[in-house]
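# Descriptive analysis of the structure
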Amino acid sequence: MPIKSYLAHPITGKKEELMKALRSLQQCEVVPAKNQDVLALVTDTTDEIEEEILKEKIEAIDSLKMLSLVSGFNTPPN
C-alpha cells in the first residue's frame, strides 16, 4: 500500500480550483498552506499500479502547475 506526499503548486490564481479537483479524487487528502500558494497532498492507494494511475490523473488537472514528490512509503501487502 503506497502512501506518498507531494507539494502541489497551482497555476497563479487557481489554488481553490486545484484544491477542489484534488479533493474530488478518492485517494487524496489535501491541506492548503496558510502562507504560501501551495497545497500539501497525501495519496493512499492499494498498489503501485493504482498509484501510477492516480498520479496521471493528478498531473492532467489543468490548474496544476507542478507536482513535487516529498516522500513515499510502501507497506507490504498482508
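Residues numbered from 1 in each chain as written. Predicted model: local features only at pLDDT ≥ 70, side-chain atom pairs only at ≥ 80, totals over all residues. Heavy atoms only, no water.

### Description of the overall build of the protein chain
Each helix and strand in the protein chain was counted, giving two helices and four strands. The order of helices and strands in the protein chain, counted from the N terminus, is β-α-β-β-α-β. Expected size for 78 residues packed as a compact globule is a radius of gyration near 12 Å; at 12 Å, the protein chain falls within 12% of this value. Over its C-alpha atoms, taken along the principal directions, the protein chain stretches across nearly 45 × 25 × 15 Å. Looking at the protein chain as a whole, 32% of its 78 residues are labelled buried. Summarising the internal contacts of the protein chain: among those between residues at least 6 apart in sequence, 65% fall at separations of at least 24. Within the protein chain, one finds 9 positive and 13 negative side-chain charges whose respective centroids are separated by 8 Å. (Helix = DSSP H or I, 4+ residues; strand = E, 2+ residues; numbered from the N terminus. Rg over C-alpha atoms; globule rule 2.2 N^0.38 Å. Buried < 20%, exposed > 50% of the residue type's maximum accessible area, 1.4 Å probe, protein only. Contact = heavy atoms within 4.5 Å. Lys, Arg positive; Asp, Glu negative; His and termini not counted. Charge placed at Lys NZ, Arg CZ, Asp CG, Glu CD.)

### A look at the pattern of salt bridges
Applying the stated criterion across every chain yields a total of three salt bridges. Between Lys55 and Glu59 there is a salt bridge whose closest N-O contact spans 3.8 Å. Within this pair, Lys55 and its partner Glu59 are both found in helix α2 (residues 48-59), separated by four residues, close to a single helical turn. For Glu59, a relative accessible area of 46% translates into the label partly exposed. (Salt bridge = Lys/Arg side-chain N within 4 Å of Asp/Glu carboxyl O.)

### Thoughts on the nonpolar core
Of all hydrophobic cores here, the largest spans 15 residues; its most connected members are Leu22, Leu41 and Ile58. Of all the elements, helix α1 (residues 15-23) adds the most residues to this core, at three residues. When near neighbours in sequence (up to four residues on either side) are disregarded, Leu41 contacts Lys4, Ser5, Tyr6, Leu22, Cys28, Glu29, Val30, Ile58 and Leu67. (Core = buried A, V, L, I, M, F, W, Y, C linked by side-chain atoms within 4.5 Å.)

### Section: α1
Those residues of α1 lying buried are Lys15, Leu18, Met19 and Leu22. Mapping the buried residues of α1 onto a view down its axis gives an arc of 100 degrees, with all of them on the same face. Of the residues in α1, the exposed ones pointing more than 90 degrees away from the buried face are Glu16 and Lys20. (Arc of directions from axis to C-beta.)

### Remarks on a nonpolar patch on the surface
On the surface, a cluster of nonpolar side chains totalling about 220 Å² of accessible area is made up of Met1, Ile3 and Val42. With respect to the helices and strands, the residue Ile3 is situated in strand β1 (residues 2-10). We classify Ile3 as partly exposed; its relative accessible area is 31%. (Patch = residues over 30% accessible without salt bridge, like charges linked within 9 Å, V, L, I, M, F, W, Y side chains within 5 Å. Areas by Shrake-Rupley, 256 points an atom, 1.4 Å probe, with all protein chains shown as cover.)

### Brief notes about the environment of Gln26
Residue position: Gln26 is located in the loop between α1 and β2 (28-32). We classify Gln26 as exposed; its relative accessible area is 77%. The sequence separation of Gln26 and Lys57 amounts to 31 residues, and the corresponding C-alpha distance is 12 Å.

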